[in-house]
Structures are given as C-alpha cells and as structure tokens.
Amino acid sequence: MGCGCKNKNNGNNDEARKTAEEMLFRKAEVTTQTGLSKKLTMMQSFASAITSRGLNNEKVTKPMKQLRVLSCFGNKSEGGVLPPCEHLKESKTPGKFYCGGCGCGDRKGTWLVGEGEEYSKLDYPRLNCPLQMPGFTNYETSKPDEAIAPVTRRHYIEQLSYKDIDNISVSVHEPPINQENKEQN
C-alpha cells in the first residue's frame, strides 16, 4: 500500500523483480567477412586454438572458463537475467551445444562444454568469439553506447561482480602431470 507519497518505491520489490525478469538485451553486431577472407580468419583462429592446447592438453583457467560459459550460456539457469547468446545452437547430439556464429558447425570437436575429462571448445587457452565477448582471446571491452538501454550482453557481463562470476559452475581438469616432473618431486 505504501505511504501515499507517490514515490514508486513503496517497499515492494515486485516491480524491480519484474523489470529484471523482463530485461531486454540488444543483439550484438557481428562483423561479417565473406569468401576467402572468412575462411582464412577461421583457419587462423583454429590453428591458434589448437597450438594453445599444446602437447599436455593445457586448458584455460577456471575464471576464464566461467566467463566463457556466462558469455555463451547466460545465467538464467542460475536465477539471473542474462539469456544465452543468440548464436548458441543445440546440437543434434542431446545435451550438447555449439556456436552458430563462428562457422565451426556441429561435431564433437566444436561442442562448447564436455563431460568428465573430455576436452571441449571452451577449454582451449586461446579461443576467439565472433562477438568478442568476455573470457575469449579476442575480447574487446564494451563501447559507451552499449550501456544505453537496451544494454548489450557484453556490457552486462562487465558489470557483474567477481562473486557472481565465481558462482558459475564449470569443470576444469588439470592436465596430466609430466612423468619427469613427478619423479623430481
């Protein structure tokens, strides 16, 4: 009921909650390349990712993977307001997802998240995102106009606290210990 002072903040958080649930995000613009230029860029990006894995199956750090998962999958499943990326595609394989924006297609090597010890796309230490989102090698900070409603997903992620990002559940497995190093210890 409130105090009758015409102040919209009458102690009821329903309006704020409704606004958060209905929060709209602006679609990000993808710079489009065509033909040979696109194929060369894809090949460069793929080669960079593969070499970053190294001989010991090195993986990205947990905070970086959390940012990548947030950038791709959003946080609605954890009670947040960020929807999944508009390029996130469901695989023909149940429970698997891939990026529809980078052009890699739907196959085991391009699934974003793996199970158990599987090496997934988001595990590569160097990995580019077509939207240059947080957590990726080619990440670019949002421009001032991205803060104007409706905000971009990138700007929204940049405003999250470390605690919010740390709550994103990911599995990060350490690479196998080199036998020589193990014997030295």
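Above this text is the structure in question.
Report follows, based on the coordinates. Keep in mind it's a predicted model, so treat the numbers as computed, not measured.

**Some remarks on the packing of aromatic side chains**
Right, on to step 1. In this structure the tally under the stated criterion is three aromatic pairs.
Right, on to step 2. Note on F73 and F97: the rings are 5.6 Å apart at their centroids and 90 degrees apart in plane angle, and the pair reads as edge-to-face. Placement of F73 in helix 3 (residues 62-73) and of F97 in strand 2 (residues 97-99) is noted, with a sequence separation of 24 residues between them.
Right, on to step 3. Of the residues examined, F97 reaches a relative accessible area of 28% and is grouped as partly exposed.
Right, on to step 4. Ring plane angle 70 degrees and centroid distance 4.9 Å describe the contact between Y119 and Y124, whose orientation is recorded as edge-to-face. The exposure classification of Y119 matches that of Y124, with both residues buried.
Right, on to step 5. Cation over ring: R53 sits above Y119, and NZ or CZ is 3.7 Å from the ring centre.
Right, on to step 6. Residue placement shows R68 over the ring face of F136; its charged tip is 5.4 Å from the ring centre.

**Structural notes on empty space enclosed by the protein**
Right, on to step 1. By the definition in use, this model includes two cavities of 30 Å³ or more.
Right, on to step 2. Looking at the largest cavity, its volume works out to about 150 Å³.
Right, on to step 3. Its residues placed into classes, the lining of the largest cavity shows 13 nonpolar, three polar and one charged.
Right, on to step 4. Taken as a whole, the second largest cavity holds about 60 Å³ of empty space.
Right, on to step 5. Considering the residues around the second largest cavity, the lining is formed by R26, A28, E86, L131, M133, E146, T152, R153 and R154.

**Concerning the pattern of salt bridges**
Right, on to step 1. In total, this model carries six salt bridges according to the counting rule given.
Right, on to step 2. Across the pair R26 and D145 runs a salt bridge whose closest N-O atoms are separated by 3.8 Å. With R26 in the loop between helix 1 (14-21) and helix 2 (35-53) and D145 in the loop between strand 2 and helix 4 (153-159), this pair connects stretches of sequence that are 119 residues apart.
Right, on to step 3. R26 sits in the partly exposed class, given a relative accessible area of 26%.
Right, on to step 4. Residue classification places D145 among the partly exposed positions, given a relative accessible area of 42%.
Right, on to step 5. Among the ionic pairs, D123 bridges to K59, the shortest N-O distance being 3.8 Å. Note that D123 is positioned in the loop between strand 2 and helix 4 and K59 in the loop between helix 2 and helix 3, a separation of 64 residues in sequence.

**Topic: the side chain of D123**
Right, on to step 1. The exposure class assigned to D123 is buried, which follows from its relative accessible area of 2%.
Right, on to step 2. Residues in contact with D123, not counting those within four places in the same chain, are E58, K59, V60, K65, R68, E118 and S171.

**Here's the deal with the environment of Y139**
Right, on to step 1. Looking at the element boundaries, Y139 is found in the loop between strand 2 and helix 4.
Right, on to step 2. Residue Y139 is classed as partly exposed on the basis of its relative accessible area, which comes to 31%.
Right, on to step 3. For the pair Y139 and R154, spaced 15 residues apart in sequence, the C-alpha separation works out to 9.5 Å.
Right, on to step 4. When near neighbours in sequence (up to four residues on either side) are disregarded, Y139 contacts Q132, M133, P134, R154 and E158.
Right, on to step 5. At 2.5 Å, the side chain of Y139 and the side chain of E158 are in polar contact.

Calculation criteria
Residues numbered from 1 in each chain as written. Predicted model: local features only at pLDDT ≥ 70, side-chain atom pairs only at ≥ 80, totals over all residues. Heavy atoms only, no water. Phe/Tyr/Trp six-rings, centres within 6.5 Å; stacked < 30°, edge-to-face > 60°. Helix = DSSP H or I, 4+ residues; strand = E, 2+ residues; numbered from the N terminus. Buried < 20%, exposed > 50% of the residue type's maximum accessible area, 1.4 Å probe, protein only. Lys NZ or Arg CZ within 6 Å of the ring centre and 35° of its normal. 1 Å grid on protein atoms, 1.4 Å probe; cavity = no way out; pocket = protein on both sides within 12 Å on 5 of 7 lines; lining within 4 Å. Points joined across faces, edges and corners; volume = space filled by probe spheres on them. Nonpolar A, V, L, I, M, F, W, Y, C, P; charged D, E, K, R; others polar. Salt bridge = Lys/Arg side-chain N within 4 Å of Asp/Glu carboxyl O. Contact = heavy atoms within 4.5 Å. Polar contact = N/O pair within 3.5 Å; in protein donor to acceptor, adjacent residues only side chain to side chain.

All we've got here are geometric facts, nothing functional implied.
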